[in-house]
Amino acid sequence: MGAELTVEDQPGLPVTPEALARDARECQDAGASIYHLHVRNGRGEPTMSIEAFAAARDAIAASSDVVVQFTTGGAVGDADEARIAPLELRPEMATLTTGSVNFGSDVFLNPRPLIERLYTRMLELDILPEYEIFEVGMVTAASTLYEELGADHHRHYDFVLGVPGAMPAGRDAIDFLRSQLPDDATWSATGIGRAFLDVAAHAIENGGHVRTGLEDVRYVGPGEIASSNAELVARVADIARTRGRGLARPDEARAMLGL
Ligand code: KMH
Ligand code: ZN
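Everything numeric in this text was worked out from a predicted model, so none of it was measured. (Residues numbered from 1 in each chain as written. Chains lettered and ligands numbered in written order. Predicted model: local features only at pLDDT ≥ 70, side-chain atom pairs only at ≥ 80, totals over all residues. Heavy atoms only, no water.)

Caption draft 1: Layout of the environment of Thr72. With respect to the helices, strands and loops of the structure, Thr72 is situated in the loop between strand E4 (67-70) and helix H3 (80-84). The class of Thr72 is buried, set by a relative accessible area of 2%. For the pair Thr72 and Leu87, spaced 15 residues apart in sequence, the C-alpha separation works out to 8.2 Å. For Thr72, the residues in contact, after removing those within four places along its chain, are Met48, Arg83, Leu87, Ala94, Thr95, Leu96, Leu118 and Met122. Engagement of the side chain of Thr72 in a polar contact is seen with the backbone oxygen of Thr95, the distance being 2.5 Å. (Helix = DSSP H or I, 4+ residues; strand = E, 2+ residues; numbered from the N terminus. Buried < 20%, exposed > 50% of the residue type's maximum accessible area, 1.4 Å probe, protein only. Contact = heavy atoms within 4.5 Å. Polar contact = N/O pair within 3.5 Å; in protein donor to acceptor, adjacent residues only side chain to side chain.)

Caption draft 2: Local environment of the nonpolar core. Judged by nonpolar contacts, the single largest core of 61 residues is most densely connected at Leu37 and Tyr157. Excluding its chain neighbours within four sequence positions, the residues that come into contact with Tyr157 are Glu130, Tyr131, Ile133, Val139, Ala142, Leu181, Pro182, Ala185, Thr186, Trp187 and Ser188. Counting eight residues, the second-largest nonpolar core is a separate cluster that includes Leu5, Val217, Ala226 and Leu232. (Core = buried A, V, L, I, M, F, W, Y, C linked by side-chain atoms within 4.5 Å.)

Caption draft 3: Looking closely at unusual backbone geometry. Unlike most non-glycine residues, Arg90 shows phi in positive territory, near 55 degrees. Structurally, Arg90 can be placed in the loop between H3 and strand E5 (93-97).

Caption draft 4: Layout of the coordination of the zinc ion (ligand 2). Listed as protein donors to the zinc ion (ligand 2) are His36 (NE2), His38 (NE2), Glu215 (OE) and Glu215 (OE); their distances from the metal cover 2.0 to 2.6 Å. Sequence spacing of the donors to the zinc ion (ligand 2): H-x1-H-x176-E. This pair shows no difference in class: His36 is buried, exactly as His38 is. (Donors = N, O, S within 2.8 Å, 3.2 Å for Na, K, Ca; no water.)

Caption draft 5: Here's a closer look at the packing of aromatic side chains. Within the structure shown, the criterion is met by seven aromatic pairs. Arranged with centres 6.0 Å apart and planes meeting at 65 degrees, the rings of Tyr119 and Tyr131 form a pair that is edge-to-face. With Tyr119 in helix H4 (residues 112-124) and Tyr131 in strand E8 (residues 128-133), the pair connects residues that are 12 residues apart, well separated along the chain. For the pair Tyr119 and Tyr131, one class covers both residues: buried. Aromatic side chains Tyr131 and Tyr157 sit 5.0 Å apart centroid to centroid with 45 degrees between the ring planes, which places their arrangement in the tilted category. Of this pair, Tyr131 sits in strand E8 while Tyr157 sits in strand E9 (residues 156-161), and the two are 26 residues apart along the sequence. Across this residue pair, the class does not change: Tyr131 and Tyr157 are buried. Members of the aromatic cluster, joined through ring pairs, are Phe103, Phe108 and Phe134. (Phe/Tyr/Trp six-rings, centres within 6.5 Å; stacked < 30°, edge-to-face > 60°.)

Caption draft 6: Focus on the pairing of E8. Counting buried positions along E8 gives six out of six residues, so the element sits mostly inside the fold. Here E8 shows two buried faces, one formed by Leu128, Glu130 and Glu132 and the other by Pro129, Tyr131 and Ile133. The sheet contact formed by E5 and E8 spans five bridges and is parallel. Directly across from Met93, in E8, lies its bridge partner Leu128. Of the pairings in the sheet, the one linking E8 to E9 comprises four bridges and is parallel in character. Bridging across to E9, Ile133 finds its partner in Phe159. (Pairing = 2+ DSSP bridges.)

Caption draft 7: View of H4. End to end, H4 covers 18 Å across 13 residues, agreeing with the expected 18 Å (1.5 Å per residue, within 8%). For H4, every residue scored as buried is listed here: Leu114, Ile115, Leu118, Tyr119 and Met122. All buried residues of H4 fall inside an arc of 125 degrees around its axis, so they share one side. Summarising the contacts, the buried residues of H4 are in contact with H3, E5, E8 and helix H5 (137-148). Of the residues flanking the end of H4, it is Asp126, one or two places downstream, whose phi is positive at about 60 degrees. (Expected span 1.5 Å × (residues − 1). Arc of directions from axis to C-beta.)

Caption draft 8: How the structure looks around the packing of helix H7 (residues 196-205) against helix H8 (residues 229-242). Packing of H7 against H8 leaves a shortest axis separation of 10 Å and a crossing angle of 40 degrees. Comparing the axis directions of H7 and H8 gives the class oblique. Between H7 and H8 the crossing geometry is right-handed. On H8, the residues touching Phe196, Leu197, Ala200, Ala201 and Ile204 of H7 are Leu232, Arg235, Val236, Ile239 and Ala240. (Axes fitted to C-alpha atoms, helices over the stretch in contact; angles between N-to-C directions. Parallel < 35°, antiparallel > 145°, perpendicular 65-115°, else oblique. Left-handed = near helix turned anticlockwise from the far one by under 90°.)

Nothing here speaks to function; it is all geometry.
Encoded structure:
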C-alpha cells in the first residue's frame, strides 16, 4: 500500500510538494473532499519527516480546500516516534489503525500502547482520528479506546479491505463491519486492488463514503496502470452520480465530521 509504493511501480505518484498540491486540486475538482497524505523524500522514498509533512500540507492548502488527513501508519516498520511526530503540525485529521494486522508478507504493528499514545496526542491537539479498520476486532478496539480515554468527537471509520492476509474486499465484509458501528458514526470503504469499484459501489449504495487512490489501487483494468489519484476519484464520483448520491464539498465534509 501507499507508503510502500515507488514511482517505478506507479509513475502517477505525486512526490514533491508541488506535485501533491496539483494532485489535491485535481482530486477536489474530481469530487474528493479529504486528502489522505503520505510524503516522500527527494529520492521518492517514504518518510515521516515533519518538514516533509509541513511542506506538503502548506502546498496543498495553497491550492485546494481539501481536509488534509495525515497518515500515522507510515510504511511498515516505521518507528513509533516517527509515526507520532507529524501530529505536532496539527492536521485536521489523521489515521488511527486500532490493531495489528498481517500485511502481505509483513505485519503492520499497532500495539495498544502505541495506539493510546497516538490517540491521546490527537485528542490533545484537537485532531480528528479516522479509525482505520483492517480487521473486525479493530472496531471493538476503537470503541474501547473511545470509552476508556473519555473521548468526545465524531466517530468516522474507514474499512480497508483486501490487504493480503486481512479482511477480504467483499460486500458481506462491509455489511458486517458497518453493523458493528455506533449509530451516529460515518464510514467509508476502501477496496485494495481490482475490488475497488465493487467496494465503492456497495459503500455508496449503503450510505457510506469511499476512499480511493494510488495507495490502494494500481490497475484500473487488465494491464492498465491508474494514471493519477484524480482518475480514481472520477471513477468513484461517476458511480455516486449514477446511484443518486451527491458529492460532498470539503466544507460539507467538515460539517459531517464535526471539524
Ligand atoms: N502503509 C501501511 C503500513 C495509514 O496510512 O494510516 C499503513 C497505511 C495506513 O497505509
Ligand atoms: Zn495510507
